[in-house]
Amino acid sequence: MIRTTDWFNLGGIEFRVISGGLFRLDGGGLFGVIPRPLWERNNPPDEINRVLLETNCVLVRTAGQLALIETGNGTKMSPKDIRIFDLEPGVSICTSLAAVGVAPADIDMVILSHLHMDHAGGASEWESEGVARDIFPRARYVVQAGEWDDALANRSTMKRTYRLENCVPLKESGRLDLVDGDTDLLPGICVEKSPGHTPHLQIVHLKGSEG
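The residue numbering used here restarts from 1 in each chain and proceeds along that chain's sequence as written. For a predicted model such as this one, the threshold for reporting local features is a pLDDT of at least 70, and the threshold for listing and counting side-chain atom pairs is 80 or more; totals across whole chains, interfaces and linings nevertheless cover every residue. Side-chain numbers come from the whole structure's heavy atoms, not from hydrogens or water.

**Some remarks on unusual backbone geometry**
Outside of glycine, negative phi angles account for most residues, and trans bonds account for most peptide bonds.
Reasoning step 1: Phi angles above zero are rare outside glycine, and Ala 63 is one such case at about 50 degrees.
Reasoning step 2: Put simply, DSSP H or I for four residues or longer makes a helix, DSSP E for two residues or longer makes a strand, and each gets a number counted from the N terminus. Relative to the helices and strands, Ala 63 resides in the loop between strand 3 (50-62) and strand 4 (65-69).
Reasoning step 3: The class for Ala 63 is exposed, based on a relative accessible area of 59%.
Reasoning step 4: Look at Glu 70: it is not a glycine, yet its phi comes out positive at around 75 degrees.
Reasoning step 5: Mapped onto the fold, Glu 70 is located in the loop between strand 4 and helix 3 (79-85). Buried residues are those whose accessible area, probed at 1.4 Å on protein chains only, stays under 20% of the maximum for their type, while exposed residues exceed 50% and partly exposed ones sit between those limits.

**Some remarks on the pairing of strand 7 (residues 131-134)**
Reasoning step 1: Here strand 7 shows a buried face lined by Ala 132 and Asp 134 and an unburied face lined by Val 131 and Arg 133.
Reasoning step 2: Note on pairing: two strands pair once DSSP finds at least 2 bridges between them. Relative to strand 7, strand 6 (residues 124-128) runs antiparallel, the two being bridged by 4 bridges. Note on strand 7: the bridge partner recorded for Ser 124 is Asp 134.

**Thoughts on the pairing of strand 2 (residues 13-26)**
Reasoning step 1: Among the 14 residues that make up strand 2, 10 are buried, leaving the element largely enclosed by the rest of the structure.
Reasoning step 2: By the bridge criterion, 3 bridges tie strand 1 (residues 8-10) to strand 2 in an arrangement that is antiparallel. When the sheet's bridge partners are listed, Phe 8 is paired in strand 2 with Phe 15.
Reasoning step 3: Between strand 1 and strand 2, which pair antiparallel in sequence order, lie 2 residues; one of them, Gly 11, sits at a positive phi of approximately 55 degrees.
Reasoning step 4: Bridging between strand 2 and strand 3 involves 11 bridges; their strand directions are antiparallel. Following the sheet pairing, Leu 25 is matched in strand 3 by Val 51.

**Digging into a nonpolar patch on the surface**
Reasoning step 1: Taken together, Val 33, Ile 34 and Leu 38 make up a surface patch of nonpolar side chains, about 320 Å² in accessible area.
Reasoning step 2: Summarising the element assignment, Val 33 is placed in the loop between helix 1 (27-31) and helix 2 (36-39). Residues enter patches when they are more than 30% accessible in relative terms and free of salt bridges; like-charged ones are connected within 9 Å and nonpolar ones (Val, Leu, Ile, Met, Phe, Trp, Tyr) within 5 Å. Only the protein chains shown count as cover for residues, with accessible areas throughout obtained via the Shrake-Rupley method and a probe of 1.4 Å. The working definition used for a salt bridge is a side-chain nitrogen of Lys or Arg within 4 Å of a carboxyl oxygen of Asp or Glu.

**Structural notes on the sheet that holds strand 8 (residues 140-144)**
Reasoning step 1: Taken in spatial order, the 7 strands of this open sheet run 1-2-3-4-5-8-9, and their pairing is mixed. Each having just a single partner strand, strand 1 and strand 9 (176-179) make up the two edges of the open sheet. Neighbouring strand axes in the sheet, compared pairwise and without regard to direction, differ in orientation by 30 degrees on average.
Reasoning step 2: Two strands pair when backbone bridges link them, and strand 3 and strand 4 are joined in this way by 5 bridges, in the antiparallel orientation. Paired with Thr 62 across the two strands is Gln 65, which belongs to strand 4.
Reasoning step 3: Contacts between residues were defined by any pair of non-hydrogen atoms, one from each residue, lying within 4.5 Å. Helix axes are fitted to C-alpha atoms over the stretch in contact, other axes to C-alpha atoms as well, and angles between N-to-C directions run from 0 to 180 degrees. Taken strand by strand, helix 6 (residues 145-153) contacts strand 8 and strand 9, and its axis lies near 85 degrees from that of strand 8.

Nothing here speaks to function; it is all geometry.
Below, the structure written as structure tokens:
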């Protein structure tokens, strides 16, 4: 599992991988039609068939801007869900950012490939009972418009993964940027719409300058 890497230089932009926290998902549901004897060799399940996963997030520095790709599950899950998904205690995107000297207010842009809970949950936290607020006070939140519509309507084969408490704070921040298709975001960072895991998933490309 990747936890935290050093900074890598990619032709004028820098990036590093940080953890949004470990969690577990059902191995059969995760690997689908792939037979268990094949996947369990490298992904041994626990006693109730869950495999361990890392929510790897990426920090990118470019042109004086600091972008964050993905945010992990966050801290808003109920005690029941914490048990179901075996969330790693005490580790979130904020604790991992703090460990590398980055504060939430340092982030200029948060890019979410899609809005399932293990990617978007860490962008917000409970402010009071039943009321969530976004964590990154200056950041623009970048999501594909079609993904946003699907999340609000809970159009997914995985009904528990789109959660309104992860979406509403982004909208209420006033800093939600809905893009439609392939889009340049910052120097060296662009997104490409790539249907697959979700119909409107976006891939994030990092491209340094030549020389």
